[in-house]
Amino acid sequence: TVGWNLPYTAPAGDVFNFRLQLRADGYDVSPGLDPTGTTFVHESGGTGRVEPLAYVEWRYPFVRSSGTVQELIEPIVSAVATPNGGNPQKIPNEDSRNVEFDDTNLFSIIRFPGLDRYEGGERMSYGVHGAVYGLSGGYTDVLVGQSIRAREDDSTFPIDTGLDKQVSDIVGHISVVPSPWLDLTNRFRMVHDTLRVHRHEVTLGAGPFYARFTVSYVQIDSQLSQTQFGARQELGLGTNLQFTRYWRFTASW
């Protein structure tokens, strides 16, 4: 992958990021079963792809001080232009089978975790980021947004990933951090037209850096995992104890 990137802040306060990119992938494939052991890959030999891409992101942060806090409201819009397709049948999918669409990759250029699948087509993502920062170090941070494509792409993204339709699910997070010793984060993904919650995750962290404890709760809609587990709820516990500069103890359940 080669690219040219230009960050730019306009006199009015707009924050831009421009990127031009060219990605080339080459594969040499041997016949055999795919990583799940269920589908036989019949095609073999060499194949590849060359994908140009143009990306622009715009942010306009509004900031003001109010008493002992600073307030931020920031609309964000990004757009990607790249050819449709880009995933020939001859390329097996080994590292991009699990796609998780959430607030962390809402404005990403490519949302697949690996290299075997390429996200083609024209699309735009938009959202609003808001935050309140206290002078003592605590803050509250909120982000809500979604993505829209020029056309549906259910052939690239599995059904119910939130990206297979022309209009994506709504994703976001709410983080409340009153002090460095305590933080609470709620991440969610909702269907854009019915607002039904597809995925809900709450994480609570407490303690200083040398004695940190976490509790997490995850609720997943049955439509997101019907091929594996059905609807499910998960509870997680964890601890991280730093005894000395070189020794620490971690445990999770």
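Going along each chain's sequence as written, the residues are numbered from 1 onward. With the structure being a predicted model, the display of local features is reserved for residues of pLDDT at least 70 and the display and counting of side-chain atom pairs for 80 or more, all residues being used for whole-chain, interface and lining totals. Computation of side-chain values covers all heavy atoms of the structure but excludes hydrogens and water.

When strand β14 (residues 232-242) meets strand β15 (residues 248-252), the two strands line up antiparallel, connected through five bridges. Pairing of T239 across the sheet is with A251, part of β15. Only strands joined by at least two bridges in the DSSP assignment are considered to pair. The secondary structure listing takes helices from DSSP runs of H or I that are at least 4 residues long and strands from runs of E that are at least 2 residues long, numbered from the N terminus.

Further remarks concern the side chain of S125. Relative to the elements of secondary structure, S125 occurs in strand β8 (residues 123-134). Of note is the side chain of S125, whose polar atom sits 3.1 Å from the backbone oxygen of L106. Polar contacts, as counted here, are pairs of nitrogen or oxygen atoms within 3.5 Å of one another; within protein the pair requires one atom able to donate a hydrogen and one able to accept it, and residues that are adjacent in sequence qualify only if both atoms are side-chain atoms. Side-chain polar atoms of S125 contact the side chain of R111, separated by 2.9 Å. Contacts between residues were defined by any pair of non-hydrogen atoms, one from each residue, lying within 4.5 Å. When residues no more than four places from it in sequence are discounted, the contact partners of S125 are I76, V77, S78, L106, F107, R111, Q146 and S147.

Along the chain, the position of Y217 falls in strand β13 (residues 211-220). For Y217, a relative accessible area of 28% translates into the label partly exposed. Counting along the chain gives 15 residues from Y217 to V202, while the straight-line C-alpha distance between them is 5.2 Å. Sequence-distant contacts of Y217, that is, excluding residues within four places in its chain, are made with H200, E201, V202, Q233 and E234. A polar contact is formed between the side chain of Y217 and the side chain of Q233, at a distance of 2.4 Å. Buried means the residue's accessible area, taken with a 1.4 Å probe over protein chains only, is under 20% of the maximum for its type, while exposed means over 50%, and partly exposed covers the values in between.

Only protein atoms enter the 1 Å grid used here. Points where a 1.4 Å probe fits but cannot escape make up a cavity, open sets with protein on both sides within 12 Å along at least five of seven lines make up a pocket, and a residue lines them when an atom lies within 4 Å of a point. Grid points are joined across faces, edges and corners, and a volume is the space filled by probe spheres set on the points. What the rule picks out here adds up to one cavity of 30 Å³ or more. One number sums up the size of the largest cavity: a volume of about 40 Å³. Lining of the largest cavity is provided by Y55, S78, V80, L106, F107, S108, R111, R123, M124 and S125. Of all the secondary-structure elements, those providing two or more residues to the lining of the largest cavity are β7 (69-81) and β8. By the convention adopted, Pro, Cys, Tyr, Trp, Phe, Met, Ile, Leu, Val and Ala count as nonpolar, Lys, Arg, Asp and Glu as charged, and the other residues, Gly among them, as polar. Across the lining of the largest cavity, the residue classes break down as five nonpolar, three polar and two charged.

What follows deals with the pairing of strand β6 (residues 62-66). Taking burial as the measure, the five residues of β6 include zero buried ones, a minor fraction of the element. Judged from the five bridges that link them, β6 and β7 form a sheet pairing that is antiparallel. The residue bridging F62 from the neighbouring strand is I73, located in β7. As consecutive antiparallel partners, β6 and β7 are separated by two residues, and within that stretch G67 has a phi angle of approximately 70°, a positive value.

Now for the layout of surface pockets. In this structure, the second largest pocket spans a volume of roughly 180 Å³. Along the wall of the second largest pocket there are twelve residues; nearest its centre are D160, K165, D169, V191 and H198. The residue inventory of the lining of the second largest pocket, partitioned by class, reads two nonpolar, four polar and six charged.

Let us look at the nonpolar core. If you look at soluble globular proteins, the nonpolar side chains tend to sit buried side by side. We call a set of buried Ala, Val, Leu, Ile, Met, Phe, Trp, Tyr and Cys residues a nonpolar core when their side-chain atoms join them within 4.5 Å. By size, the foremost hydrophobic cluster in this structure holds 15 residues, and its most contacted members are L53, Y55 and I110. Every element with two or more residues in this core is listed here: β5 (45-59) and β7. In this structure L53 touches R19, L20, Q21, V80, A81, T82, I109, I110 and Y118, once residues within four positions along its chain are discounted.

Our next topic: the pattern of salt bridges. Any Lys or Arg side-chain nitrogen found within 4 Å of a carboxyl oxygen on Asp or Glu counts as a salt bridge. Summed over all chains, the structure comprises 15 salt bridges. Across the pair R189 and D169 runs a salt bridge, and its minimum N-O distance is 2.6 Å. Of this pair, R189 sits in strand β11 (residues 182-190) while D169 sits in the loop between β9 (139-149) and β10 (170-179), and the two are 20 residues apart along the sequence. Taken individually, R189 and D169 each receive the classification buried, so the pair is uniform in this respect. A salt bridge links R196 to D221; the shortest N-O distance between them is 3.0 Å. Of the two residues, R196 is situated in the loop between β11 and β12 (197-206) and D221 in the loop between β13 and β14; the sequence distance between them amounts to 25 residues. Residue classification places R196 among the partly exposed positions, given a relative accessible area of 34%. Several salt bridges share partner residues, and in doing so they unite R111, E119, R123 and R149 into one network.

Treat this as a map of the structure, not an account of what it does.
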